[in-house]
Number of protein chains: 2
Amino acid sequence: KNKLLFLSNVRYFIDKHREQHAKKVIHSIKVGTALVLVSLIYLLDPLFEQVGENAMWAIMTVVVVYDFYAGATLSKGLFRGIGTILGGGLGCLAAILADDFGKTGNTIVVGTSVFIFGGLATYCRMIPSIKKKYDYGFMIFILTFSLVAVSGLRADKISKLARERLTTIGMGYAVCIITNFLIFPMWAGQELHHLTSSRFNKLACCIEECMEAYFSVNQKEGQKNINISSCKSILHSKSSDESLANFARWEPWHGNFGFYYPWEKYLQIGELLRELAAIILSLQACVQSPLQPSTRLQRVIEEKCNNIGISLIHTMRELGESIEKMRSVQEKVVMLPGLQSIKLELSILSTSELRAIENVE
Amino acid sequence: KNKLLFLSNVRYFIDKHREQHAKKVIHSIKVGTALVLVSLIYLLDPLFEQVGENAMWAIMTVVVVYDFYAGATLSKGLFRGIGTILGGGLGCLAAILADDFGKTGNTIVVGTSVFIFGGLATYCRMIPSIKKKYDYGFMIFILTFSLVAVSGLRADKISKLARERLTTIGMGYAVCIITNFLIFPMWAGQELHHLTSSRFNKLACCIEECMEAYFSVNQKEGQKNINISSCKSILHSKSSDESLANFARWEPWHGNFGFYYPWEKYLQIGELLRELAAIILSLQACVQSPLQPSTRLQRVIEEKCNNIGISLIHTMRELGESIEKMRSVQEKVVMLPGLQSIKLELSILSTSELRAIENVE
């Protein structure tokens, strides 16, 4: 039975790996397609005559904005647009303001404004809450502001340049959105959903392994190895979860995920799962410690521990499955009262029965 | 004494906060200065006549490459340079190759090469080991390759364009390096060093709080709160540690950090500290659990537990300080044998004395 479980685990792992690989290949093909589409602006004469050398900005937009997840592409593009418009607008103002001064005055005014706005925006980029969500937008703001303010002295027809540049950025963005959303879209929300629900099963497996390792000590010589890598990977999942949730907020209605879907709940569940993973990690350290209670004692608690372990594992898997399938859990399945009563039994055991056993010894 | 400790902790926190703030302000000023310096290429006529509109690339380089840490700026700039040269070279080849075909053939060849190279590089960017270190370089490669291959059809003097563009990127990079390394450089390596050594003290404080909370239960009514936020922040430090170590590898000799400084050791220590943090986190859960042994039992183990706790805390602080000050620890200070013997005493206690106590009760 264990061998079958192992084989099914290996198969699951291979399938998962192949799926990941397939997703990466699809993403690469999508990026290639987007690049070819945006290159057509350069390559086809009628299009090129419209925009000229500014077509460069369309290619740049595709390369920089295109992301694996649909939500990330959408939000990055929006931030790029907003950063460009704000930076461009303020840059224009600075250039016009500087134009009233003489040649040297001009240079001083432009230099000062670049220093002040560049410094301020850089400071904003380092504030944690802004860094998490709007870092890219601020970077584009600094870039556009500097470029526009500085070249304002040279380019006479700045409004025409700005219009053309925005148009080409828009074209690049459109290509990004169309290829990203129409060809096998990868939803950050879906990924977060699967990751969260699959972690319940992973932790349940860890608990199972801990229990087996603890109670198999008598039967076999060596202890079973406990696979703690999945526990550890869950412990380190905080930042990736947060960025997935950030992207998911930008994604439109898809599958079962409507608008205003409560993504922050996933972060809360993730936090709880990480705490559980920390507890399991130290449980595993206890199981593998050289200090162990007597075999006699182990045998006494074995049944109760197995009971509580199996209920816990069952509950975890049930919770994971209900999240995966988006249905509410039936109360009787979760068996919280059952868990509570076994816990009480174990605690009574530890004070009274244990004493009796030790006395007999 | 406790109040004094609390006050010194608060003061340390405020100092730390002020220091962080000062660092951010300094970084903002550095970015502002770099932007002004690079703007001069545009603003001063003799310089502008040399490079023309390509001066744009210098500004772009500064905005994109400039990073908080010296090592990050250095490596990003290098990757940008390498990516540009490789992408530009291959792009040139593709453009020249495509030139032999007719007008339509040209478009097809360029489109195909953009699709293939863009897709391949995108796939490489998703391989975890490459993503961690070279993501930025690959992005620049895709960008430059597409731009050069596509515009090869239009720009007749592509070699001149490439030379000018590389020169301006080099200028921008030089400005970045000069301002970043000469004005209060922020070393990623130093940050990693301080973070790692300060974590020993943080964990020692957590252990101290756990012990106090456990043994103060009898004296006061409510349990003391244990501050677990520092434990949790250590648990989530993996990815930031890794990126700091990545940057630190690029930093030249500075302070006590020579070439080939073993930065990966810090990652190993960090891994061990995270495991310890997980154990402390579940220790804290045990201390706050409603199930507790009898007061009598607590009093018996109190002395021994205090002994082991104090030795452990002392050892942790000693280790942290010795890392901070880069000196090797004297063996007698670490007191490992002492810890071992107290651990043995506690384990003997748990089997023999405890039974006796329970019998008396």
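Each remark here, short or long, concerns the structure printed above.
What counts and how
- Within any chain, residue numbers begin from 1 and follow the written order of that chain's sequence.
- Following the order in which they are written, the chains are lettered starting with A and the ligands numbered starting with 1.
- Local features in this predicted model are restricted to residues of pLDDT 70 or higher, and side-chain atom pairs are both shown and tallied only at a pLDDT of 80 or more, whereas totals for entire chains, interfaces and linings draw on every residue.
- As a rule here, side-chain values come from all non-hydrogen atoms in the structure, and water together with hydrogens is ignored.
- Strands here mean DSSP runs of E at least two residues long; helices mean DSSP runs of H or I at least four residues long; both are numbered from the N terminus.
- Exposure is judged per residue with a 1.4 Å probe applied to protein chains only, and the accessible area is read against the type maximum: over 50% gives exposed, under 20% gives buried, and values in between give partly exposed.
- Residue contacts are defined here by distance: any two heavy atoms, one from each residue, within 4.5 Å place the two residues in contact.
- Only the protein chains shown count as cover for residues, with accessible areas throughout obtained via the Shrake-Rupley method and a probe of 1.4 Å.
- In this comparison the copies share one frame, found by least squares on the C-alpha atoms of residues holding pLDDT of at least 70 in both.
- Once two parts are brought into contact, the accessible area they lose, counted with a 1.4 Å probe and summed over both, makes up the buried area.
- Any carboxyl oxygen of Asp or Glu that lies within 4 Å of a side-chain nitrogen of Lys or Arg is treated as forming a salt bridge with it.
- Distance and chemistry together define a polar contact, namely a pair of N or O atoms within 3.5 Å, with one atom able to donate a hydrogen and the other to accept it when in protein, and with adjacent residues in sequence counting only for side-chain atoms on both sides.

Caption draft 1: Layout of the overall build of chain A. Helices and strands together make up the secondary structure of chain A, namely 14 helices and 0 strands. In chain A, the order of α-helices and β-strands from amino to carboxyl end is α-α-α-α-α-α-α-α-α-α-α-α-α-α. In chain A, which comprises 361 residues, the share counted as buried stands at 45%. Considering only intrachain contacts with a sequence separation of at least 6, the fraction spanning at least 24 residues in chain A is 79%. Accessible area for chain A stands at about 19,000 Å²; split by element, carbon and sulfur atoms hold 64% of it.

Caption draft 2: Representation of the relation of the copies chain B and chain A. Take chain B, turn it by 180°, move it 0.0 Å along the axis, and it overlays chain A with an RMSD of 0.1 Å. Both chain copies can therefore be described as sitting about a two-fold axis. For chain B, the residue whose C-alpha comes nearest the rotation axis is A278(B), separated from it by 2.4 Å.

Caption draft 3: Representation of the side chain of S39(A). Within the element layout of this structure, S39(A) appears in helix α1 (residues 2–43). For S39(A), a relative accessible area of 1% translates into the label buried.

Caption draft 4: A look at the interface of chain B and chain A. Of the residues lining the interface, 64 residues belong to chain B; the matching set on chain A comes to 64 residues. Counting the surface lost from both chain B and chain A, the interface buries some 5,800 Å², and carbon and sulfur atoms represent 73% of this. On inspection of chain B and its partner chain A, the count reaches 3 salt bridges. Here E275(A) makes a salt bridge to K232(B), at a shortest N to O gap of 2.7 Å. On the surface where chain B and chain A come into contact, there are 10 residue pairs in polar contact (both at pLDDT 80 or more). Examining the composition of the side of chain B that touches chain A, we find that 14 residues originate from one element, helix α1 (residues 2–43) of chain B, more than from any other.

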